[in-house]
Amino acid sequence: MVLECRNVSKVYVNRKLGHGVVALNDINLTIAKNEFVCIIGPSGCGKSSLLHMIAGFERPTRGSIRLHNEEISGPSPERGVVFQESSLLPWKSVRENIEFGLAIQGCPRSERQDIAGRYLNIVGLQGFDHARPHELSGGMKQKVAIARTLALDPAILLMDEPFGALDEQTRKRLDFELLELWQQRQKTILFVTHSIEEAILLADRIILLTVRPGRIQLDLELSLPRPRNLFSKEVVEIRQQLLAELMLCCPPGQPV
Amino acid sequence: MIFIMGLTPIIINTAGGIRSIPPIYIKSARMMGATRFLIFFRVMLPAATLAIVTGLRIGLANSWRVLIAAEMIVGAGVGLGYAIIQSRWSLDFEAAFVCVVIICVIGLVVEKLGFEVVEKRIMAQMGLGQD
Ligand SMILES: Nc1ncnc2c1ncn2[C@@H]1O[C@H](COP(=O)(O)OP(=O)(O)OP(=O)(O)O)[C@@H](O)[C@H]1O
Ligand SMILES: [Mg+2]
């Protein structure tokens, strides 16, 4: 077991309203080594909040989050995050962006260059070493962000709708590439999305959160072989099941 | 006076520049294990470079104006501002105009050859303003 969330709740105190917003309520979740877990749920149910707490940017209001049995106390490269929006530093080249995290860790230059080169290859961006982020497409930027985070060799990869801002086609391709990468390199991944299809394509396990305050409504193990066909009988069944569950938690016509 | 007029925009712009840094840069640096010191010098300062240069530019322009005015009023005995006043007193309008033109040219040269080039370079590097 890599990660364990126990009775995690998050309340944001809003001074203007004078009362708290309960974003998450009593989340219990354990993630095993090399597991690919997707979190889905309606907007505002606390997916990002959960990820940010695991990343260490915020503390849970109640409960505990442990990585390798150690309480999380702040951000750390052992919990690598890929953000939804581009977080590359615009004044650094692609290569410098990937090397930056390693430099912070005090990794010597030659080793840094080796590692950066390797991860550039892995995400298929060889030859773009010296490009600046603004010269890349959205999909390429996210690939660089993934390479940068992977280069830190994190124990768990936290991805918050990393392909959410991309078009359908690019997203499909990146999903596929991420899957290949995960299969080859054995990583533990926690992936937030609000697309049922994306979750089914990727996950070993799908966690469905309810509307705010987010609780775990469903924890579904998927044991289908990959690559998965979205139109195969089993997958269609799971899609329908998930859709029904989603309807249960937030029936249409109800204000969000 | 020259100092204050010059320094204020520099400080305001730097502060504004640092405040408008996307928080995501700082978050991702923290995720990579950066200390506060590193975040300041390796992320915040470079991200605010453009604003700092703009501040310098306004600051220097202000200082330049105040300097000329001060020379006119205080009458230091040297300088372009003093020279204008001198020529006015001696009704030498041509000399006064020459001085004004010189003042403009110096200002323009510093602007165009100094700051604009630097700003353009930074903007090109960060991929800003080229649509
Ligand atoms: N820093 C914050 N301060 C106050 N309230 C917050 C903060 N961050 C999130 N919230 C609130 O917590 C709730 C959950 O937000 P969160 O961003 O985790 O949702 P989400 O599931 O990621 O939604 P989306 O799918 O739209 O990204 C929201 O109601 C939001 O208003
Ligand atoms: Mg979110």
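See the structure printed just above.
Just so you know, these numbers come straight off a predicted model, no measurement behind them. Here the residue numbers are simple positions, counted from 1 along each chain's written sequence. Here the convention is simple: chains get letters from A, ligands get numbers from 1, in the order in which they are written. Selection of residues for local features in this predicted model requires a pLDDT of at least 70, selection of side-chain atom pairs for listing and counting requires 80 or more, and totals for whole chains, interfaces and linings are taken over all residues. Side-chain numbers here rest on the full set of heavy atoms in the structure, without hydrogens or water.

Engineer: Just to check I follow, could you spell out the sheet that holds strand β5 (residues 70-71) of chain A for this structure?
Structural biologist: Strand pairing in a sheet relies on backbone hydrogen bonds. The paired strands run either parallel or antiparallel. Residues and elements named next belong to chain A. Strand pairing requires that DSSP identify at least two bridges connecting the strands. Helix and strand assignments follow DSSP, with helices taken as H or I runs no shorter than four residues and strands as E runs no shorter than two, numbered in order from the N terminus. Pairing is antiparallel across the open sheet formed by 4 strands, whose spatial order is β2-β1-β4-β5. Taken across any chain shown, the strands that pair with only one partner, and hence form the sheet edges, are β2 (20-31) and β5. In this sheet, strand β4 (residues 62-67) lies alongside strand β1 (residues 3-13) in antiparallel orientation, the contact comprising 5 bridges. When the sheet's bridge partners are listed, Arg6 is paired in β4 with Ser64.

Engineer: How should the sheet that holds strand β6 (residues 79-82) of chain A be read in this particular structure?
Structural biologist: All names here are of chain A. What the 6 strands build is an open sheet, ordered β6-β7-β8-β3-β9-β10; its pairing is mixed. In this open sheet, the two edge strands, each paired with only one partner strand, are β6 and β10 (216-221). Each neighbouring strand pair of the sheet contributes to a mean axis angle of 15°, computed without reference to strand direction. Two strands pair when backbone bridges link them, and strand β7 (residues 156-160) and strand β8 (residues 189-192) are joined in this way by 4 bridges, in the parallel orientation. Axes here mean lines fitted to C-alpha atoms, for a helix over just the part in contact, with angles spanning 0 to 180 degrees between N-to-C directions.

Engineer: Just to check I follow, could you spell out the nonpolar core for this structure?
Structural biologist: Here is a general trend for soluble globular proteins: nonpolar side chains tend to be buried in one another's company. Residue and element names in this part refer to chain A. Counting residues in hydrophobic clusters, the biggest one holds 51 residues, and the most contacted among them are Phe36, Ile98, Met159, Ile189, Phe191, Ile206 and Leu242. A per-element tally of this core places helix α4 (residues 138-151) first, with 7 residues. Both domain 1 (1-78 + 156-256) and domain 2 (86-153) contribute no fewer than three residues apiece to this core. Pairs of residues are marked as contacts when any of their non-hydrogen atoms sit within 4.5 Å. Apart from the residues lying within four places of it in its own chain, the contact partners of Met159 are Leu51, Val82, Ile146, Leu178, Ile189, Leu190, Phe191 and Val192. Take the buried Ala, Val, Leu, Ile, Met, Phe, Trp, Tyr and Cys residues and link them wherever side-chain atoms come within 4.5 Å; each set so joined is a nonpolar core. Each residue is assigned to one of three classes by its accessible area relative to the maximum for its type, calculated with a 1.4 Å probe on protein chains only: buried under 20%, partly exposed between the two thresholds, exposed over 50%. Counting residues in each nonpolar core, the second largest holds 49 residues, with Leu3, Ile31, Trp91 and Phe100 among its members. Here the bounds of each domain stem from an automatic or database domain assignment.

Engineer: Would you take a moment to explain the pairing of strand β9 (residues 205-209) of chain A for this structure?
Structural biologist: On a regular strand, one side chain projects to one face of the sheet and the next to the other, so that they alternate. All names here are of chain A. β9 sits mainly inside the fold: 5 of its 5 residues count as buried. Neither face of β9 is exposed, since Arg205, Ile207 and Leu209 on one face and Ile206 and Leu208 on the opposite face are all buried. The sheet contact formed by strand β3 (residues 36-40) and β9 spans 4 bridges and is parallel. Note that in β9 the partner of Cys38 across the bridge is Ile206. As paired strands, β9 and β10 are joined by 5 bridges and run antiparallel to one another. Across the sheet, residue Leu209 finds its bridge partner in β10, namely Ile216. Connecting the antiparallel pair β9 and β10 is a turn made up of 6 residues.

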